[in-house]
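One-letter residues, chain by chain:
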Amino acid sequence: DAGITQSPRHKVTETGTPVTLRCHQTENHRYMYWYRQDPGHGLRLIHYSYGVKDTDKGEVSDGYSVSRSKTEDFLLTLESATSSQTSVYFCAISEPPRGTGELFFGEGSRLTVL
Amino acid sequence: RKEVEQDPGPFNVPEGATVAFNCTYSNSASQSFFWYRQDCRKEPKLLMSVYSSGNEDGRFTAQLNRASQYISLLIRDSKLSDSATYLCVVKSNSGYALNFGKGTSLLVTP
């Protein structure tokens, strides 16, 4: 299995509080992604990164920010969590992006915003 | 219109049955196609890529019809362990990310 670790794996928080999810990889892959998965919507891309300090928005980026200061770490921040951000968040990595297209996913982080 | 559309199912089939899943995509410029498998409360994992000429991996066969913008997955001799959600995934010729369908749920029963 690809070396991808997400933390925390489970979190319950209250509306309005900041939340940061961390994705750590040991594969030295250049590309990292944050997806959210919700019933009825499937997996939707939030943000992705194509290198250190290089990030771009995905389909559902509003309310989220990301940072990548090192190859191995990709942080997803909810500045002020809302109930609509209750979801399962998956980090993924790939290398190269135009190769096989295979994404390796972390085990997911379940976030509940009350 | 969502870029990738799948029948959500669920498909309930007995062991040994053959089952087929279909998927359509909206972007005619899409270049790469995949099927991923996701077990309950687990992360998605690549099942197989889909090539223009069609391809087979054991009991699994994937087909691509570019003219109709249609992808299929056929599972022969279903096993209990095939029970999962199958995600149709499409990558356009630009950008880096993959677009996922909502998934088709399969339950194989004894």
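Further up the page is the structure itself.
All of the points below concern the structure found in this document.

Each value, and the rule that gives it
- Residues numbered from 1 in each chain as written.
- Chains lettered and ligands numbered in written order.
- Predicted model: local features only at pLDDT ≥ 70, side-chain atom pairs only at ≥ 80, totals over all residues.
- Heavy atoms only, no water.
- Pairing = 2+ DSSP bridges.
- Helix = DSSP H or I, 4+ residues; strand = E, 2+ residues; numbered from the N terminus.
- Axes fitted to C-alpha atoms, helices over the stretch in contact; angles between N-to-C directions.
- Buried < 20%, exposed > 50% of the residue type's maximum accessible area, 1.4 Å probe, protein only.
- Contact = heavy atoms within 4.5 Å.
- Polar contact = N/O pair within 3.5 Å; in protein donor to acceptor, adjacent residues only side chain to side chain.
- Buried area = accessible area lost by both parts, 1.4 Å probe.
- Salt bridge = Lys/Arg side-chain N within 4 Å of Asp/Glu carboxyl O.
- Nonpolar A, V, L, I, M, F, W, Y, C, P; charged D, E, K, R; others polar.

**Description of the sheet that holds strand 3 (residues 19–25) of chain A**
All names here are of chain A. The 4 strands lie next to each other as 1-3-8-7, forming an open sheet whose pairing is antiparallel. Edge positions in the sheet fall to strand 1 (4–7) and strand 7 (65–70), since each has one partner strand and no second. Averaged over all neighbouring strand pairs, the angle between strand axes comes to 15 degrees, with direction disregarded. Strand direction decides the pairing type here: strand 7 and strand 8 (residues 73–78), joined by 4 bridges, are antiparallel. When the sheet's bridge partners are listed, lysine 70 is paired in strand 8 with aspartate 73.

**Quick look at the environment of B:Arg66**
Residue and element names in this part refer to chain B. Here arginine 66 is to be found in the loop between strand 7 (60–65) and strand 8 (70–75). Using a relative accessible area of 38% as the deciding quantity, one classes arginine 66 as partly exposed. C-alpha of arginine 66 to C-alpha of serine 52: the two residues are 14 residues apart in sequence and 7.7 Å apart in space. Ignoring anything within four residues of it in the chain, the contact list for arginine 66 reads Tyr25, Ser30, Gln31, Phe33 and Ser52. A distance of 3.3 Å separates the side chain of arginine 66 from the backbone oxygen of serine 30, its partner in a polar contact. Side-chain polar atoms of arginine 66 contact the side chain of serine 52, separated by 3.4 Å.

**Thoughts on the interface of chain A and chain B**
Taken together, the contact between chain A and chain B spans 24 residues of the former and 19 residues of the latter. The contact between chain A and chain B buries some 1800 Å² in all, and 53% of this surface belongs to carbon and sulfur atoms. Taken together, the links from chain A to chain B amount to 0 salt bridges. If you list the elements that add at least two residues to the side of chain A that touches chain B, you get strand 4 (31–38) and strand 5 (42–51) of chain A. For the side of chain A that touches chain B, the residue count by class is 11 nonpolar, 7 polar and 6 charged.

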